[in-house]
Structure formats: C-alpha cells, structure tokens
Amino acid sequence: NLKVVPDATWRFDAWGNACTGEATTTCSFSLTGDTTVSATFVKTYVLTITKAEHVSIATTSINATPTAGIDCAASASGTCTYTYDTATALVLTATADDTYRFTGWTGTTGCSGTGTCSFTMDADKAVSATFVKTYVLTISKPAHGTITRVDNTGAAVTGAGALACASTDSGDCTKTLDTATAVYLKVVPDATWRFDAWGNACTGELTTTCSLTMTADKTVSATFVKTYVLTITKTANGTITRVTDTG
C-alpha cells in the first residue's frame, strides 16, 4: 500500500505507472515483479478576500464556467480564503448593501474600477472592495416653479448628478448621493408666481439658493405666492400714487 502526501502549496493530481487509475491518495497492488510507481502534482495558490463591511464579493465564473464558488458576504467576519490550481481564471463581482455604493477594488489582483474583477491565479493574491454610504435627496414637487441642482457657481449640474424638479413633473424627484456630498439648489418660480420660502432641510435660507450637506436622507420643498399685474393708465393732469390703508 502506498500513500501520497503533497508538499505545502501543492495538490496531488494523479497516480502514474502501476498505480494509474487509482482515484484516491492511496494505491494498493501486489508486487510480482519490478514495478514503477509515479505521481503528479499541481501547484496551488491562495486567494484571500478581506471582508468589506458593506460589500459582498462572489464569483461569476471560474475558468470561463459560470459558478458561485466564492461567496464572501458583507456579513462575514475577517477574511475568506480559497485555494485554486495555478492558471485558474477567476471573475469576481462586488455587490453593495442597500444604502451603500461599491467604489472600487483593492489588492494584488490588478483590478480597478467598479466593474467585474478578472485575473488568473499565478501567485497568492488578495482582494477587497471599497464602498461609500449613500443618502437620498428628495425634492417635493414644487407647485409653481422649478428646483434645480447647481454647482457652487450657480451653473446647472449636468450628467449623472443632474437633478431638476418642476411643477410639470408627475411627482417628487429623488437623487441618491454619497455621504458628505455638498448640494446646492436653486429655485425659479413659474411665470406669474413669486418664490416665497424654502421648507424642510432648507428652512431658513433667505435667497433663491439653498446649500446643504448629505449626512442623512433629506427632503427639500419650496412655497410660492401668486402675483398679479396692476396697470395704471397714465393721467394727463394728475398723479396716481400707491398709499397705505391710512392714506
């Protein structure tokens, strides 16, 4: 009876010669003559995933085959470790918890950005993920105007960060923003209306611009006053003056 034990960081692969076909680490045979026995091994490497508090990391494929072999959840503690044969190709994905946003990969895999992480196990490797807390900014639909997100110069924010909520919208408007994001909002009343006051998170702001920092979910509203035009027809021989009710 023979038993094979691989060295550290190696995996027993297969028996050869007289033990060919044996499926375990033990080979048994009767010695009836000169006999040769051999064994082959595969180099292995360890992938260490450092737990990210609010991001789960999982495999989408191993060697181009869809699989869920890795599942290092945000609820896990410490690290998750997995051993793979050399040249194993891995594709990892990161999924942030609700109210958090995945911001990128760190470690020795060479991955960056917020997409999937693809690499080959040609050495021991480590990977983790970074994240940021997010909050929701809600603009209550203005009844008679438009509230627009602007930058600190007053120019409308464009692209993914843009936010504008008008009286013509079907309901309230929301935007998910990273914690500590500085937000500037500007209100413009509809024709024949006048901006009156900010409400909720902008209460107390005295101009048509409100600034706030996202440290929690926040709601912003505004009120307006209807205006009318008084036209005084010019008189030829007198003056018409606006006075108080006491004259």
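About the thresholds
Residues numbered from 1 in each chain as written. Predicted model: local features only at pLDDT ≥ 70, side-chain atom pairs only at ≥ 80, totals over all residues. Heavy atoms only, no water. Helix = DSSP H or I, 4+ residues; strand = E, 2+ residues; numbered from the N terminus. Rg over C-alpha atoms; globule rule 2.2 N^0.38 Å. Lys, Arg positive; Asp, Glu negative; His and termini not counted. Charge placed at Lys NZ, Arg CZ, Asp CG, Glu CD. Core = buried A, V, L, I, M, F, W, Y, C linked by side-chain atoms within 4.5 Å. Buried < 20%, exposed > 50% of the residue type's maximum accessible area, 1.4 Å probe, protein only. Salt bridge = Lys/Arg side-chain N within 4 Å of Asp/Glu carboxyl O. Pairing = 2+ DSSP bridges. Axes fitted to C-alpha atoms, helices over the stretch in contact; angles between N-to-C directions. Polar contact = N/O pair within 3.5 Å; in protein donor to acceptor, adjacent residues only side chain to side chain. Contact = heavy atoms within 4.5 Å. Disulfide = S-S within 2.5 Å.

Here's the deal with the overall build of the protein
The helix and strand inventory of the protein stands at zero helices and 19 strands. For 247 residues, the compact-globule formula gives about 18 Å, and the C-alpha radius of gyration of the protein, at 34 Å, lies well above that figure. In terms of overall dimensions, the protein has a C-alpha envelope of 140 × 30 × 25 Å along the principal axes. For the protein, the separation between the mean place of its 16 positive charges and that of its 20 negative charges on side chains is 14 Å.

With respect to the nonpolar core
One broad rule of soluble globular proteins: the nonpolar side chains tend to lie buried together. Core analysis: the biggest nonpolar cluster contains 23 residues, and Leu-47, Ile-49, Tyr-84, Leu-92, Trp-105 and Phe-119 have the highest contact counts within it. When residues of this core are traced back to their parent elements, those giving at least two are β4 (37–50), β5 (55–62), β8 (79–85), β9 (89–96), β10 (100–107), β11 (117–120) and β12 (125–139). Among the nonpolar cores identified, the runner-up in size contains 20 residues, and Tyr-135, Leu-137, Ile-147 and Leu-212 belong to it.

Description of the pattern of salt bridges
Counted by the stated rule, this structure contains five salt bridges. Salt-bridge contacts for Arg-11 lead to Asp-85; the nearest nitrogen and oxygen are separated by 2.7 Å. Taken together, the residues Arg-11 in strand β2 (residues 10–17) and Asp-85 in strand β8 connect sequence positions 74 residues apart. Look at Arg-11 and you get partly exposed, because its relative accessible area is 31%.

A word on the sheet that holds strand β18 (residues 209–213)
Backbone-to-backbone hydrogen bonds pair the strands of a sheet. The strands run either parallel or antiparallel. Taking strand neighbours across the sheet as the criterion, the four strands line up as β14-β13-β16-β18 in an open arrangement whose pairing is antiparallel. If you trace the sheet from one side to the other, it starts and ends with β14 (164–166) and β18, each paired once. When strand polarity is set aside, the average angle formed by the axes of neighbouring strands in this sheet is 20°. Of the strand pairs in this sheet, strand β16 (residues 182–189) and β18 are connected by five bridges, and their pairing is antiparallel. Looking at β18, one finds that Tyr-184 is bridged to Ser-211.

Brief notes about the side chain of His-54
Turning to its location among the elements, His-54 is positioned in the loop between β4 and β5. At 3.1 Å, the side chain of His-54 and the side chain of Tyr-100 are in polar contact. In this view, His-54 contacts Ala-74, Thr-95, Ala-96, Asp-97, Tyr-100 and Phe-131; residues no more than four positions away in its chain are not counted.

Digging into the state of the cysteines
Following the criterion strictly, the structure yields five disulfides and no others. Between the sulfur of Cys-19 and that of Cys-27 lies a disulfide, 1.8 Å long from S to S. Between Cys-19 and Cys-27, the S-S dihedral sits near -90°, and the bridge is therefore left-handed. With a relative accessible area of 0%, Cys-19 lands in the buried category.

Quick word on the side chain of Thr-134
Secondary-structure assignment places Thr-134 in strand β12. Looking at Thr-134, the relative accessible area reads 8%, which means it is buried. Those residues in contact with Thr-134 that lie beyond four places of it in its chain are Thr-99, Tyr-100, Arg-101, Thr-176, Leu-177, Asp-178 and Thr-179.

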